[in-house]
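Inside the fold
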Amino acid sequence: MRMKILLVDDEGELVYTIAERLTLRGHQVDAMTDGNLALERVATTKYDVAVVDVKMPGISGLAMLKIINRDHISLPVILLTGHGSSEDGQEGMDEGAFAYLIKPVNIEDLIETMTRAVEESHEKSSGK
Amino acid sequence: MKNQVENDEMNQERLAFFGKIIASLSHEIMNTVATGKELSGLLEDLSFVSRKNGVPIPLDRMESIAGKLIHQAERGEILIRRLNKFSHTVDDSVRIEDLKNLVSDMIDLCQRFALLRQVELKADLSGIGFTTAVNPFTFQQVIFIVVHSMITSCEKDEKVQVIFNVEEDLCKIPVSRISGGGRPALDEASSRILKYLLSELNAKMEQKDETIALIFTKGH
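In this report, the structure presented in the accompanying data block is examined. (Residues numbered from 1 in each chain as written. Chains lettered and ligands numbered in written order. Predicted model: local features only at pLDDT ≥ 70, side-chain atom pairs only at ≥ 80, totals over all residues. Heavy atoms only, no water.)

**As for helix H1 (residues 12-24) of chain A**
For H1(A), built from 13 residues, the straight-helix expectation of 18 Å at 1.5 Å per residue is met to within 8% by its first-to-last C-alpha distance of 18 Å. Directly after H1(A), the chain includes Gly26(A), whose backbone phi takes a positive value near 95 degrees. (Helix = DSSP H or I, 4+ residues; strand = E, 2+ residues; numbered from the N terminus. Expected span 1.5 Å × (residues − 1).)

Shown next as structure tokens:
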């Protein structure tokens, strides 16, 4: 399944490299390092799934998730957390995140989680 | 009894400070490792595509990725050195140190906290040093409390400045919030902990407008 993905992490080199790896696998990726700019993009662009780092300058991934859920219910969000901060991930799940993954992520695990998120989202929107 | 409660509370605060710094550094190290892992994975992906299509990976692409990998390794090395140096501040209850070096190390450790708040943390450490007997861990905890409180009290794009001044037998370290607004930088709990630690270091604090100045004398 080819997906349109929004990837947000303030670690520029990390986010652009993951984006390139996903692009090599046929996905369309917008990689961003600023959560506020990413929220602006979400308002104007339709994505299949968003992958968002929890701890970022400016706006946190959790705050982004709350806004996305408030305004764009059809966009599933996967959170990336640092090792040992799984309570952030759990809080994200409580806020409606599809899943949380602990960095460093395995690219195939990430793709598998995103695929599940998109499939579930499609099932929900088609009322299955 | 009161002293025991106070000591227990202060030990808890020391542990919390140690934990905050270690958590912040390990988070940064993990980002370095994660980036290195992805860059290596990218090389693997490009090799796979190259083999499949029979087209070699362009040399400048290889060089670019190698350069980024080296950068991440060097970044990781700096972070691990900081972690190691900080961990060793608990080795001695008193040792001879240049306070300027301890301030410099703590400013480096506080940069991530500033970044997360989108605050600029600047230090002017161009003056002479101040070598004295000190408990390095407690000294750094004091610097952290003041700098971190200042950062936390800032709005986005504001600035915190630390200056290291030596005047004869006095070392004065003003930490200023360059903003305006007159919000208190220290909350009640931080203020109380700071006073306790300053008394341990035989040092004092002056608070005026947007500045908290820490004052140390020789041989505390």
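**Description of the interface of chain B and chain A**
Between chain B and chain A, the residue contacts involve 21 residues of the former and 21 residues of the latter. Summing both partners gives a buried area of about 1,900 Å² for chain B against chain A, and 57% of it is carried by carbon and sulfur. As a salt-bridge pair, Asp45(B) and Arg25(A) come within 2.7 Å of each other at their nearest N and O atoms. There are 8 residue pairs in polar contact (both at pLDDT 80 or more) connecting chain B and chain A. For the side of chain B that touches chain A, the secondary-structure elements that each account for two or more residues are helix H1 (2-53), helix H2 (59-87) and helix H3 (99-116) of chain B. No other element matches H1(B), which puts 13 residues into the side of chain B that touches chain A. Here the side of chain B that touches chain A is built from residues that sort into 8 nonpolar, 6 polar and 7 charged. (Contact = heavy atoms within 4.5 Å. Buried area = accessible area lost by both parts, 1.4 Å probe. Salt bridge = Lys/Arg side-chain N within 4 Å of Asp/Glu carboxyl O. Polar contact = N/O pair within 3.5 Å; in protein donor to acceptor, adjacent residues only side chain to side chain. Nonpolar A, V, L, I, M, F, W, Y, C, P; charged D, E, K, R; others polar.)

**Quick look at the sheet that holds strand E3 (residues 49-53) of chain A**
Each strand in a sheet pairs with another by means of backbone hydrogen bonds, the pair being arranged parallel or else antiparallel. Residue and element names in this part refer to chain A. Across the sheet, which stays open at both edges, the 5 strands sit in the order E2-E1-E3-E4-E5 with parallel pairing between neighbours. Two strands close off the open sheet at either side, each with one partner strand: strand E2 (28-32) and strand E5 (99-102). Between one strand axis and the next, the sheet turns by 20 degrees as a mean value, whatever way the strands run. As paired elements, E3 and strand E4 (residues 77-81) share 4 bridges and run parallel to each other. Among the inter-strand pairings, Val52 is bridged to a residue of E4, identified as Leu79. Along the sheet, H1 contacts strand E1 (4-8) and E2; its crossing angle with E2, the most-contacted strand, is approximately 180 degrees. (Pairing = 2+ DSSP bridges. Axes fitted to C-alpha atoms, helices over the stretch in contact; angles between N-to-C directions.)

**Concerning the pairing of E5(A)**
Residues and elements named next belong to chain A. Side chains of E5 alternate between two faces, with Ala99 and Leu101 buried and Tyr100 and Ile102 left unburied. The sheet contact formed by E4 and E5 spans 4 bridges and is parallel. By the bridge assignment, Leu80 is partnered in E5 with Leu101. (Buried < 20%, exposed > 50% of the residue type's maximum accessible area, 1.4 Å probe, protein only.)

**Structural notes on the pairing of strand E6 (residues 170-178) of chain B**
Residues and elements named next belong to chain B. Taken together, the 4 bridges between strand E4 (residues 159-163) and E6 define a ladder with antiparallel strand orientation. Residue Gln161 lies in a different strand from E6, and its bridge partner there is Ser176. The antiparallel pairing of strand E5 (residues 165-167) with E6 creates a hairpin that spans 2 residues between the two strands, and Glu168 there sits at a positive phi of about 50 degrees. Of the strand pairs in this sheet, E6 and strand E8 (residues 211-217) are connected by 7 bridges, and their pairing is antiparallel. Bridge pairing links Leu170 to Thr217 in E8.

**Re the nonpolar core**
Counting 50 residues, the largest nonpolar core has Phe139(B), Ile173(B) and Phe216(B) as its most contacted members. Counting only elements with at least two residues in this core, the list comes to H1, H2, H3, helix H4 (136-153), E4, E6, helix H5 (188-200) and E8 of chain B. Sorting elements by how many residues they give to this core places H4(B) first, with 10 residues. With residues near it in sequence (within four places) discarded, Ile173(B) still touches Val103(B), Phe139(B), Ile143(B), Val162(B), Ile163(B), Phe164(B), Ile212(B), Ala213(B), Leu214(B) and Phe216(B). Judged by nonpolar contacts, the second largest core, of 24 residues, contains Val29(A), Ile107(A), Ile111(A) and Val118(A). (Core = buried A, V, L, I, M, F, W, Y, C linked by side-chain atoms within 4.5 Å.)

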